[in-house]
Amino acid sequence: MPPHDNMTKRFYIETVGCQMNVLDSELVASGLISAGYRQVSRSREADVVLFNTCSVRQHAEDKIYSALGRLKNVKDHYPHKVFAVIGCMAQKDGALIFRRAPHVDLVVGPSQLGRLPELVDLAAAGGGPQLEISLDRSQGSHLDAKRNFTPFNPERLLEARPAAHQAMVRIMFGCDMFCTYCIVPSVRGPEQSRPPEEIEAEVRQLARQAIRQGVCLEVTLLGQTVNSYRYHAPNGTVHLADLLYRLHDIEGLSRLKYVSNCPKFITQPLLRAVAELPKVTPYFHVPAQSGSNSVLHRMKRNYTVEQYREMLDRINSTVPGAAVTSDFIVGFCGETEEEFQDTMRLVREARFKNSFIFKYSTRPGTKAAELYEDDVPYKVKQRRNNELLALQNEITEELNSRLLRQTVEILVEGPSKVGAKQDTSGDKSDNNGSVTQLGGRTVCDRIVVLDGPRSLIGQIIPVKIVQSCGLTLFGEREV
Ligand code: SAH
Ligand code: SF4
Ligand code: F3S
């Protein structure tokens, strides 16, 4: 360790929530590294501990508050440590966080993350608690909200990136859909699409980093409703399909994905772009949320089940072999058994590659919390969750088993999470030559586990599927 290293301040970030938060944590790390900090993987080694938080369900918030509670003791013993709560819960709860956890020094919302290094310095210098969040979106005009929720786009240092072969790139901020159950539009602010030239420059920079590291690059474009991306340029409006064409030929870019899609904006030009562009993955995450028209109406999703099914047909006919995944909320306000069975029917017929299933959690400040009673008992939500999950797992297993003996291309992502639990050989002593259990993904986002040297990480390779076990596929390298 060089002598000056003892002087370098260290930070640790704990991240929960969606990919937006994972990306924000990386960008925050980039900012702190540029300001002279070093990232560590254990909170007890850190001078600055940051919690990047999520408010989408009550459970996510409860977990953060209990983790914050446990830090009180640490602060008593190490008063110089700086504790920061950042992200969506910071925006939502603001000063309440200081009241519930007085040992927290900083509360910073998603739009203020660019100021974080400066705020950390202020708190470390004894400047007292710092609160930096956007104004409540409901208190001003749409334009005020746009000014107030300023996009956060710092430079992306390679050292801050979790992997050189995978990157997320935000193409839009916020959300204007206001589904009645959802807190995201109020914590992430109004929908704002980034200029295409800025996105292209960022992807080019990431691709150059990947080329220098000798790896392939997979880019995932991010937006809460990524396919409603539209940028008004002087010579016309740029949509997601146009952006895919614009990015496709960037040297060093191997795969291009985008999440999450809104069923309403799965347009024919988008489907044609996916079908035509070989680097764009034939994979659509298009949350349905429910299979019942009355529930969809109460959720203000602005489509019917019939329209959703028609959209699935268009995906399957324009992009043959595409994989579709969904999100569902069970036990939404007033959901009857019949309405729930409509959701079961949709899942049975649509045969999603997989679905994420959530029990409805009422969010104060949303329309659903104001208009409807959270009247489905917890036990019923739990039972519906299990029932839908069991059905989905059955479908996932059946679809997986069809891949047996087929050869698929995977991007090797890293050591396998499945293997990590069983592997007692010790990852650290591993070198490029020895074999370890690796995990990768097909273009349709299926996880494949295989044995191979670590030097395969970041490469796209053909793999023969030899076993389909539960929800996991096992493959062997084709030589
Ligand atoms: N913008 C994305 C997803 C945002 S949140 C989209 O629209 O697809 C991710 C998922 O959390 C949602 O798709 C929804 O299924 C779930 N979710 C959102 N609010 C919720 C709530 N109040 N209770 C339970 N699940 C919720
Ligand atoms: Fe929430 Fe709906 Fe926006 Fe998705 S589209 S973030 S579910 S309000
Ligand atoms: Fe959670 Fe914020 Fe994402 S509320 S789901 S981390 S946008």
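Residues numbered from 1 in each chain as written. Chains lettered and ligands numbered in written order. Predicted model: local features only at pLDDT ≥ 70, side-chain atom pairs only at ≥ 80, totals over all residues. Heavy atoms only, no water.

Chemist: Before we go on, may I ask you to explain the overall build of the protein chain in this structure?
Modeler: Looking only at helices and strands, one finds 16 helices and 21 strands in the protein chain. Whereas a compact globule of 479 residues would reach a radius of gyration of roughly 23 Å, the protein chain reaches 23 Å, a difference of no more than 12%. Taken over the C-alpha atoms alone, the protein chain extends approximately 60 × 60 × 55 Å along its principal axes. Looking at the protein chain as a whole, 53% of its 479 residues are labelled buried. Across the protein chain, every contact between residues at least 6 apart in sequence was considered, and the portion connecting residues at least 24 apart equals 73%. Carbon and sulfur atoms make up 51% of the accessible area of the protein chain, which amounts to about 21900 Å² in all. (Helix = DSSP H or I, 4+ residues; strand = E, 2+ residues; numbered from the N terminus. Rg over C-alpha atoms; globule rule 2.2 N^0.38 Å. Buried < 20%, exposed > 50% of the residue type's maximum accessible area, 1.4 Å probe, protein only. Contact = heavy atoms within 4.5 Å. Areas by Shrake-Rupley, 256 points an atom, 1.4 Å probe, with all protein chains shown as cover.)

Chemist: Could you clarify how one ought to interpret the sheet that holds strand β13 (residues 253-259) in this entry?
Modeler: Neighbouring strands of a sheet are bound in pairs by backbone hydrogen bonds; such pairs are parallel or else antiparallel. Strand order across the open sheet formed by three strands is β7-β10-β13, with parallel pairing between neighbours. Pairing within the sheet leaves two strands with one partner each, and these edge strands are β7 (166-170) and β13. On average, adjacent strands in this sheet sit at an angle of 25° to one another, irrespective of strand direction. Here strand β10 (residues 217-222) runs beside β13; their pairing, made up of six bridges, is parallel. (Pairing = 2+ DSSP bridges. Axes fitted to C-alpha atoms, helices over the stretch in contact; angles between N-to-C directions.)

Chemist: Would you mind going over the packing of aromatic side chains with me for this structure?
Modeler: When we look at a pair of aromatic rings, we describe it by the centre distance and by the angle of the planes. Here the structure, examined in full by the defined rule, presents seven aromatic pairs. Ring centres of Tyr258 and Phe284 lie 6.4 Å apart, and the angle between their planes is 85°; on these two criteria the pair is classed as edge-to-face. Here Tyr258, found in strand β13, pairs with Phe284, found in strand β14 (residues 283-285); they are 26 residues apart in sequence, far enough to count as distant. Here Tyr258 and Phe284 have matching classes, each one buried. Measuring from centroid to centroid gives 6.1 Å for Tyr303 and Tyr308, while their planes differ by 35°, and the two rings are tilted. (Phe/Tyr/Trp six-rings, centres within 6.5 Å; stacked < 30°, edge-to-face > 60°.)

Chemist: Sorry, what's going on with the site of ligand 2 here?
Modeler: Lining the immediate environment of ligand 2, one finds Cys175, Met177, Phe178, Cys179, Tyr181, Cys182, Val184, Pro185, Gln224, Thr225 and Arg301. Looking at the shell around ligand 2 residue by residue, the class counts come to eight nonpolar, two polar and one charged. (Near = heavy atom within 4 Å. Nonpolar A, V, L, I, M, F, W, Y, C, P; charged D, E, K, R; others polar.)

Chemist: Looking at this structure, I do not really get the domain arrangement of the protein chain. What am I missing?
Modeler: Often, the extent of an interface is quoted as the loss of accessible area on bringing the components together. Domain annotation for the protein chain reports domain 1 (6-141), domain 2 (161-281), domain 3 (285-401) and domain 4 (407-477). Of note, the centres of domain 1 and domain 3, computed from C-alpha atoms alone, are 33 Å apart. With six residues of domain 1 in contact, the opposing surface of domain 3 contributes four residues. For the domain 1 and domain 3 pair, buried surface summed over both sides reaches about 430 Å², with 45% attributable to carbon and sulfur atoms. Taken together, domain 1 and domain 3 are joined by one salt bridge. With a shortest N-O distance of 3.4 Å, Glu61 and Arg363 are connected by a salt bridge. Inspection of the domain 1/domain 3 interface yields four residue pairs in polar contact (both at pLDDT 80 or more). Class assignment for the residues of the side of domain 1 that touches domain 3 results in one nonpolar, two polar and three charged. (Domains from an automatic or database assignment. Buried area = accessible area lost by both parts, 1.4 Å probe. Salt bridge = Lys/Arg side-chain N within 4 Å of Asp/Glu carboxyl O. Polar contact = N/O pair within 3.5 Å; in protein donor to acceptor, adjacent residues only side chain to side chain.)

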